[in-house]
Amino acid sequence: MRYISTRGMAPRVDFEGALFSGYAPDGGLFMPKELPQLGIETLRHWSTLSYPSLVKELCTLFIGPELIPRDVLNDLIDRAFRRFRHREVVHLSRLRNGLNVLELWHGATYAFKDLSLCCTAQFLQYFLEKEKKHVTVVVGTSGDTGSAAIESVQGAKNVDIIVLLPQGHCTKIQELQMTTVVRENVHVFGVEGNSDELDEPIKAVFADVAFVKKHNLMSLNSINWSRVLVQMAHHFFAYFQCAPSLDTHPLPPVEVVVPTGAAGNLAAGCIAQKMGLPIRLVVAVNRNDIIHRTVQRGDFSLSKAVEPTLASAMDIQVPYNMERIFWLLLASDSQRTRALMEQFERTQSTSLPKELHSKLSGAMTSESVSDEAITRTMGRCWEENHYLLCPHSAVAVSYHYQQTNRQQPSLPRCCLAPASAAKFPEAVLAAGLTPETPEDILALEFKETRCTPMRKGDDWTLMLRNTIEGLSWQQRAQS
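Reading guide: rules and limits
Residues numbered from 1 in each chain as written. Predicted model: local features only at pLDDT ≥ 70, side-chain atom pairs only at ≥ 80, totals over all residues. Heavy atoms only, no water. Helix = DSSP H or I, 4+ residues; strand = E, 2+ residues; numbered from the N terminus. Rg over C-alpha atoms; globule rule 2.2 N^0.38 Å. Buried < 20%, exposed > 50% of the residue type's maximum accessible area, 1.4 Å probe, protein only. Contact = heavy atoms within 4.5 Å. Areas by Shrake-Rupley, 256 points an atom, 1.4 Å probe, with all protein chains shown as cover. Lys, Arg positive; Asp, Glu negative; His and termini not counted. Charge placed at Lys NZ, Arg CZ, Asp CG, Glu CD. Pairing = 2+ DSSP bridges. Axes fitted to C-alpha atoms, helices over the stretch in contact; angles between N-to-C directions. 1 Å grid on protein atoms, 1.4 Å probe; cavity = no way out; pocket = protein on both sides within 12 Å on 5 of 7 lines; lining within 4 Å. Points joined across faces, edges and corners; volume = space filled by probe spheres on them. Nonpolar A, V, L, I, M, F, W, Y, C, P; charged D, E, K, R; others polar. Domains from an automatic or database assignment. UniProt positions renumbered as here; feature names shortened; annotations may be inferred. Salt bridge = Lys/Arg side-chain N within 4 Å of Asp/Glu carboxyl O. Phe/Tyr/Trp six-rings, centres within 6.5 Å; stacked < 30°, edge-to-face > 60°. Lys NZ or Arg CZ within 6 Å of the ring centre and 35° of its normal.

- The protein chain is annotated in an unreviewed UniProt entry as Threonine synthase-like 2 of Leptonychotes weddellii.

Now the structure itself:
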């Protein structure tokens, strides 16, 4: 399996090359050159598999045994999921009024990022140990990616991780999950800015190809292909759990509601669709509605500012994985994808060509959800089911309630739940409900913290470069 850049100006790479790259050298994102097509018999067989087994099947298709032999790959994935709290790893809760909630948050940091990052870290360690290499991982986070990335590599001898978090824009728990990991290889910066602003120094550093190569830099944000690959399993599992029967021809469709900010889970769903999974995608966003406007009107342009919402991990203006979706819908036309994305980067605004907009609105529908609708949804779900939703999950469930209120026949529907309500007590209180906080989260309050400030007026790019150079120097001194 070879991977090519969505912008078509970078050399092809194998899975290992895509894993270690993050952005392609031409500024694009890596995608498989060809997508395997899954027939009905394969889908029927996969419908009997557990979530970890689905991950193994998907990874086998996209990694290849010459890079990681199948038995080793299986062991790495088993190891990745060993610390999950639920024996199924991912669990479907069937609630009243046809509400299906797929809980993706049973990992160490109570968020869906644990699923893909645990696997990605195992793949990373496998290649690093094999080649006796060291990498420095640089991650920008809007809340959950940072803690899951730290959790997946903390204490690793061959990985240093630098995380930039938006000070005051995450919940207190999200921040503590990052700042309380006082390990030699973990370096956390608190940035006086939002998650889009902190992405700028990271993009600037990765644009310097010689610097990236010299210091063995990589990213674990959802630009990383490995994360999108594992996230495809959410859609397959959701489909198999909610499809009424797989004995009909053609297979029955299922609607999957994807709450998103950077569109990683959405890109994973579009790829699964292209491979033959009969899902209909609904993308649900908060008031930061660039994806909603793009789907509805073809308006791919930034708003004046990021709007803080209760679903804070989705307070993102630049949904970088949309580039993968455009490329897919443009039939892998990298020239047109490059022109579109370069115009967006130049002017922060572009209108999709008519044909592309038509394909996008045919591939998915969309909804934008207010804070008021989030708290109302959380309240209703508690009232009807005694089930606490996190605000991001409530963005998806809000769409479900809108549809059921119309009392029209609809497809079976599955709402992806990206995080546990335990991480968002402020939102639970705003909904007039009582937070339920597990012991390990309560314990964070009493731990030592470590976080370096990046203040307004500081040169963030220079600070980041200096930190990376310092870590490289330390690494050379030790080896």
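### Description of the overall build of the protein chain
Working step 1: A count of helices and strands for the protein chain gives 20 helices and 15 strands.
Working step 2: Taking 23 Å as the expected radius of gyration for a compact globule of 479 residues, we find that the protein chain reaches 21 Å, a close match to that expectation.
Working step 3: Summarising its shape, the C-alpha atoms of the protein chain cover approximately 65 × 50 × 45 Å along the three principal directions.
Working step 4: The buried share among the 479 residues of the protein chain stands at 62%.
Working step 5: For the protein chain, long-range pairs separated by at least 24 residues make up 75% of all intrachain contacts whose partners lie at least 6 apart in sequence.
Working step 6: For the protein chain, the accessible area works out to roughly 19100 Å², and carbon and sulfur atoms hold 49% of it.
Working step 7: Taking the average location of the 48 positive side-chain charges in the protein chain and that of its 51 negative ones, the two points are 4 Å from each other.

### Focus: the sheet that holds strand E6 (residues 159-166)
Working step 1: With parallel pairing, 5 strands are arranged side by side in an open sheet as E8-E5-E6-E7-E15. Both outer strands of the open sheet, strand E8 (217-219) and strand E15 (452-454), are each paired with one neighbouring strand and no more. This sheet shows a mean twist of 25° between the axes of neighbouring strands, independent of strand direction.
Working step 2: Of the pairings in the sheet, the one linking strand E7 (residues 186-191) to E15 comprises 3 bridges and is parallel in character. Bridge assignment links Gly 190 to a residue of E15, and that residue is Pro 453.

### Some points on the environment of Ala 284
Working step 1: You can see Ala 284 is positioned in strand E10 (residues 279-285).
Working step 2: As for Ala 284 and Ser 368, which are separated by 84 residues in sequence, their C-alpha atoms are 5.9 Å apart.
Working step 3: Leaving out residues up to four positions away in the same chain, Ala 284 has contacts with Val 257, Val 258, Pro 259, Thr 260, Met 314, Glu 367, Val 395 and Ala 396.

### Comments concerning empty space enclosed by the protein
Working step 1: Inspection of the entire model under this criterion finds 2 cavities of 30 Å³ or more.
Working step 2: Its volume calculated, the largest cavity comes out at about 330 Å³.
Working step 3: Along its surface, the largest cavity is lined by 29 residues, and Lys 113, Ser 142, Ala 262, Ala 313 and Ile 316 are the ones closest to its centre.
Working step 4: Among the elements of the structure, helix H8 (195-207), helix H10 (225-242) and helix H11 (264-274) are those that each provide at least two residues to the lining of the largest cavity.
Working step 5: Per-element tally for the lining of the largest cavity: the top contributor is H8, with 4 residues.
Working step 6: Considered class by class, the residues forming the lining of the largest cavity number 11 nonpolar, 13 polar and 5 charged.
Working step 7: Viewed by domain, the lining of the largest cavity spans two of them, domain 1 (91-107 + 228-431) and domain 2 (134-221 + 449-478), each represented by three or more residues.

### Re the UniProt feature "domain: Threonine synthase N-terminal" (unreviewed entry) in the protein chain
Working step 1: Under the UniProt annotation, the feature "domain: Threonine synthase N-terminal" (unreviewed entry) is placed at residues 2-81.
Working step 2: Taken end to end, residues 2-81 is 48% helix and 8% strand, and its first and last C-alpha atoms sit 27 Å apart.

### Re the UniProt feature "domain: Tryptophan synthase beta chain-like PALP" (unreviewed entry) in the protein chain
Working step 1: Within this numbering scheme, the UniProt entry marks residues 105-323 as carrying the feature "domain: Tryptophan synthase beta chain-like PALP" (unreviewed entry).
Working step 2: The span residues 105-323 carries 43% helix and 18% strand; its end-to-end C-alpha distance comes to 26 Å.

### Some details on the pattern of salt bridges
Working step 1: Within the structure shown, the criterion is met by 19 salt bridges.
Working step 2: Salt-bridge contacts for Asp 208 lead to Arg 465; the nearest nitrogen and oxygen are separated by 3.1 Å. Taken as a pair, Asp 208 in the loop between H8 and helix H9 (209-214) and Arg 465 in helix H20 (residues 460-478) lie far apart in primary sequence, 257 residues in all.
Working step 3: Across the pair Asp 299 and Arg 293 runs a salt bridge whose closest N-O atoms are separated by 3.0 Å.
Working step 4: For Arg 293, a relative accessible area of 8% gives the class buried.
Working step 5: Several salt bridges share partner residues, and in doing so they unite Arg 7, Lys 203, Glu 323 and Glu 345 into one network.

### Details of the pairing of strand E13 (residues 364-368)
Working step 1: For E13, the buried fraction is high: 4 of the 5 residues fall into the buried class.
Working step 2: Pairing of E10 with E13 involves 5 bridges; the strand directions are parallel. Residue pairing in the sheet places Val 283 in a bridge with Ser 366 of E13.

### A word on the packing of aromatic side chains
Working step 1: Counted according to the given criterion, the structure contains 13 aromatic pairs.
Working step 2: Aromatic pair Phe 15 and Phe 123: ring centres 5.8 Å apart, planes at 80°, arrangement edge-to-face. Of this pair, Phe 15 sits in helix H1 (residues 15-21) while Phe 123 sits in helix H5 (residues 113-131), and the two are 108 residues apart along the sequence. Of the two residues, Phe 15 and Phe 123, neither departs from the other in class, the shared state being buried.
Working step 3: Seen in terms of ring centroids, Phe 236 and Phe 240 are 6.4 Å apart; in terms of plane orientation they differ by 40°. Their pairing is tilted. Within this pair, Phe 236 and its partner Phe 240 are both found in helix H10, separated by 4 residues, close to a single helical turn. Just as Phe 236 is buried, Phe 240 falls in that class too.
Working step 4: Members of the aromatic cluster, each reached through a chain of ring pairs, are Trp 46, Phe 236, Tyr 239 and Phe 240.
Working step 5: Note that Arg 85 overlies the ring of Tyr 110, its terminal NZ or CZ placed 3.6 Å from the centroid.
Working step 6: Between Lys 133 and the ring centre of Phe 20, over which it is positioned, the NZ or CZ distance is 4.7 Å.

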